[in-house]
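Inside the fold
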Amino acid sequence: MSAKDSITVFYDGSCPSCERDRRYYESLRAADDQSVIWFDITGQEQQLREWGIDPHKALLELHVRDSQGKLYSELAAYRLLMGRVPRLKWLGWLLGLPIVRTLTSYLYHWWVERRLRREGRL
C-alpha cells in the first residue's frame, strides 16, 4: 500500500493497554509497511479540534482517519485498522455482524469508561 492509501490511528498513548495494542498491531504488519500512521492524542486537544475530533470522544473511542480525510470512530475505526492487518481481517469482518457489533460496542464502552474512571481521567 502506498503512503497515499495510509490511515491515521488516533490512540491514547498514556494508556498502557492502548500502547500494548498499538505494538501488537505493528508487530503483525510488514516491516516496510507505512500505511498505518499512529498519532498519540495525549496533550493534543487543540490539534484534534483542528481535525474535527472532539478530544473527550477521542479518549472514549478509537478514531481513524483515512487517506481521503474521512473519520471513523469506535468499531468502524477498529474494522478499518484490522482490514490493514491480514491476520486480523476476519476479526474486522466479524465485528461488522449486527449482534456482534452491538454487544462488542457495549462492552468496549463499559471497559474504556471503567479504565478512565479508575485512572481519574473521566
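1. Some details on the environment of D5
Locating D5 in the fold gives a position in the segment before β1 (7-11). For D5, a relative accessible area of 32% translates into the label partly exposed. Along the chain, D5 and R115 lie 110 residues apart, while their C-alpha atoms are 33 Å from each other. Residue contacts for D5: discarding those within four places in its chain leaves S35, S67 and R84.

2. Digging into unusual backbone geometry
Positive phi values are uncommon outside glycine, yet E74 reaches one of about 55°. Position of E74 relative to the elements: it lies in helix α4 (residues 74-82).

3. Things to note about the packing of aromatic side chains
Evaluated as defined, the whole model comprises 7 aromatic pairs. Look at Y24 and Y25: their rings are 6.3 Å apart centre to centre, the planes differ by 55°, and that puts the pair in the tilted class. By the ring-pair criterion, three or more aromatic residues cluster together here, those being Y11, Y24, Y25 and W38. The ring of W51 has R65 lying over it, and the distance from NZ or CZ to the ring centre is 4.7 Å.

4. Observations concerning the side chain of D12
Of note, D12 is situated in the loop between β1 and α1 (16-28). Within the structure, D12 has its side chain in polar contact with the side chain of R121 (distance 2.4 Å). In contact with D12, not counting residues within four places along its chain, are C18, D40, I41, T42, L59, R115, L116 and R121.

5. Focus: the pattern of salt bridges
Tallied over the entire structure, the rule returns 9 salt bridges. For E61, the salt bridge goes to K57, with nearest N and O atoms at 3.9 Å. In this structure E61 comes out as buried when scored by relative accessible area, which is 12%. For E113, the salt bridge goes to R117, with nearest N and O atoms at 3.9 Å. A residue pair is termed a helical-turn pair when its members lie 3 or 4 positions apart in one helix, as E113 and R117 do in helix α6 (residues 98-118) at 4 residues. Here E113 falls in the partly exposed class, since its relative accessible area comes to 27%. On the accessibility criterion, R117 (53% relative accessible area) is exposed.

6. Some remarks on α6
Helix length check: α6, at 21 residues, gives a terminal C-alpha distance of 30 Å against a target of 30 Å (1.5 Å per residue), a fit within 8%. Looking at α6, one finds that the buried residues are S105, Y108, H109, V112, R115 and L116. Around the axis of α6, the buried residues are gathered within 135° of arc, so they sit on the same side. Residues I99, T102, L103, Y106, R117 and R118 are exposed on α6 and point more than 90 degrees away from its buried face. Packing partners of the buried residues in α6 comprise α1, α3 (55-60) and α4. Count one or two residues on from α6 and you reach G120, which has phi positive near 75°.

Rules and cut-offs
- As a convention, each chain's residues are numbered from 1 in the sequence order in which they are written.
- Local features in this predicted model are restricted to residues of pLDDT 70 or higher, and side-chain atom pairs are both shown and tallied only at a pLDDT of 80 or more, whereas totals for entire chains, interfaces and linings draw on every residue.
- Hydrogens are left out, water is left out, and the side-chain values use all remaining heavy atoms of the structure.
- Comment: elements are numbered from the N terminus, with helices defined as DSSP H or I runs of at least four residues and strands as E runs of at least two.
- Exposure is judged per residue with a 1.4 Å probe applied to protein chains only, and the accessible area is read against the type maximum: over 50% gives exposed, under 20% gives buried, and values in between give partly exposed.
- Whether two residues are in contact is decided by their heavy atoms, any of which lying within 4.5 Å being enough.
- A pair of Phe, Tyr and Trp rings is counted when the ring centres sit within 6.5 Å of each other, with Trp represented by its six-membered ring. The angle between the planes then sorts it: under 30 degrees is stacked, over 60 is edge-to-face, the rest tilted.
- In this scheme, Lys NZ or Arg CZ marks a charge over a ring once it lies within 6 Å of the ring centre and within 35 degrees of the ring normal.
- Two N or O atoms count as a polar contact when they lie within 3.5 Å, although within protein this holds only if one can serve as hydrogen donor and the other as acceptor, and sequence-adjacent residues are included solely when both atoms are side-chain atoms.
- Any Lys or Arg side-chain nitrogen located within 4 Å of an Asp or Glu carboxyl oxygen qualifies as a salt bridge.
- What a helix is expected to span follows from its residue count: subtract one and scale by 1.5 Å.
- Arc, as used here, means the arc of the directions from the helix axis to the C-beta atoms.

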